[in-house]
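Secondary and tertiary structure notes
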Amino acid sequence: MTIRLENIGIAVRDLEETISFFSDLGLTVLGRDEVSGEWADTAVGLDGNHAKIAVLQTPDGQGQIELFEYIHPEAIETDPTMPNEIGMHRIAFSVDDIDASLAIAARHGYHPLRGVANYQDVYTLTYLRGPSGILVMFAQDLTKS
């Protein structure tokens, strides 16, 4: 049996805001759609499932994010996930310039939770809260600089 990661799915408050954030970081929108109907109800397990979706791809072509903005049923607000909570944790990106990545995030109003850390002069890395409270990690490999 073969298995490969297809994408990471994330429900968001505002699809356009989230697309703008990830696009500015360099991801490309592969497609957009609005999904509903019996097939969507069955696949997701929600009656009356209706959502606007977008699929974004990383510049290297290896990673994809599928974003959902629910029309029905109404989206449920939850507290943002903390780094030590069980469950979906974060989305991580390798970046070649952490300062440039943080500048882009700052233009959208998102900043590190607590600065940028240096891990044994091998990586600089940080977590920030992006659109809809998504935990985003940037990591720059210092051995490639």
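Everything quoted here is computed from the prediction, not taken from an experiment.

Some points on the sheet that holds strand β2 (residues 28-36)
The four strands are arranged β1-β4-β3-β2 in an open sheet whose pairing can be described as mixed. Of all the strands in the sheet, just β1 (8-11) and β2 have a single pairing partner and so form its edges. The mean inter-strand angle of the sheet, taken between neighbouring strand axes irrespective of direction, is 20°. When strand β3 (residues 50-57) meets strand β4 (residues 64-72), the two strands line up antiparallel, connected through eight bridges. Its bridge partner lying in β4, L56 is registered against I65. On top of the sheet, helix α1 (residues 15-24) reaches β2, β3 and β4; it is set at about 5° to β3, its chief contact.

As for the nonpolar core
Grouped together as the largest cluster of nonpolar side chains are 22 residues, with contacts concentrated most on F22, I65, L67, F93, L128, V136 and F138. Mapped onto this core, the elements with two or more residues apiece are α1, β3, β4, β5 (91-94), α3 (98-107) and β8 (135-141). Broken down by element, this core gets its largest block of residues, four residues, from α1. Not counting residues within four places of it along the chain, the set of residues in contact with F22 comprises L27, L56, I65, F93 and I134.

Re the layout of surface pockets
If you add up the space inside the largest pocket, you get close to 690 Å³. Per-element tally for the lining of the largest pocket: the top contributor is β1, with three residues. Taken together, the residues of the lining of the largest pocket sort by class into 13 nonpolar, seven polar and six charged. The computed volume of the second largest pocket comes to approximately 490 Å³. Taken together, 24 residues form the lining of the second largest pocket, with T58, P59, A92, F93 and S94 sitting closest to its centre. Contributions of two or more residues to the lining of the second largest pocket are made by β4, β5 and α3.

Definitions and cut-offs
Chains are numbered independently. Their residues run from 1 in the order of the written sequence. Reporting in this predicted model follows two pLDDT cut-offs: at least 70 for local features of residues, and 80 or more for side-chain atom pairs to be given and counted; totals over whole chains, interfaces and linings ignore these cut-offs and use all residues. The side-chain values count all of the structure's non-hydrogen atoms but skip hydrogen atoms and water molecules. A pair of strands is treated as paired once DSSP finds two or more bridges between them. Strands are runs of DSSP state E lasting at least two residues, helices are runs of H or I lasting at least four, and both sets are numbered from the N terminus onward. Here an angle of 0 to 180 degrees is reported between the N-to-C directions of two axes, which are lines fitted to C-alpha atoms, with helices fitted over the stretch in contact. The contact rule is simple, with two residues in contact once any of their heavy atoms fall within 4.5 Å. To qualify as a nonpolar core, a set must consist of buried Ala, Val, Leu, Ile, Met, Phe, Trp, Tyr and Cys residues joined through side-chain atoms within 4.5 Å. Relative accessibility decides the category of a residue: with a 1.4 Å probe and only protein chains considered, values under 20% of the type maximum give buried, values over 50% give exposed, and everything between is partly exposed. Cavity means a closed set of points on a 1 Å grid over the protein atoms alone, one where a 1.4 Å probe fits but cannot get out, pocket means an open set with protein on both sides within 12 Å along at least 5 of 7 lines, and lining means a residue has an atom within 4 Å of a point. Grid points are joined across faces, edges and corners, and a volume is the space filled by probe spheres set on the points. Classification used: nonpolar for Ala, Val, Leu, Ile, Met, Phe, Trp, Tyr, Cys and Pro, charged for Asp, Glu, Lys and Arg, polar for all others including Gly.

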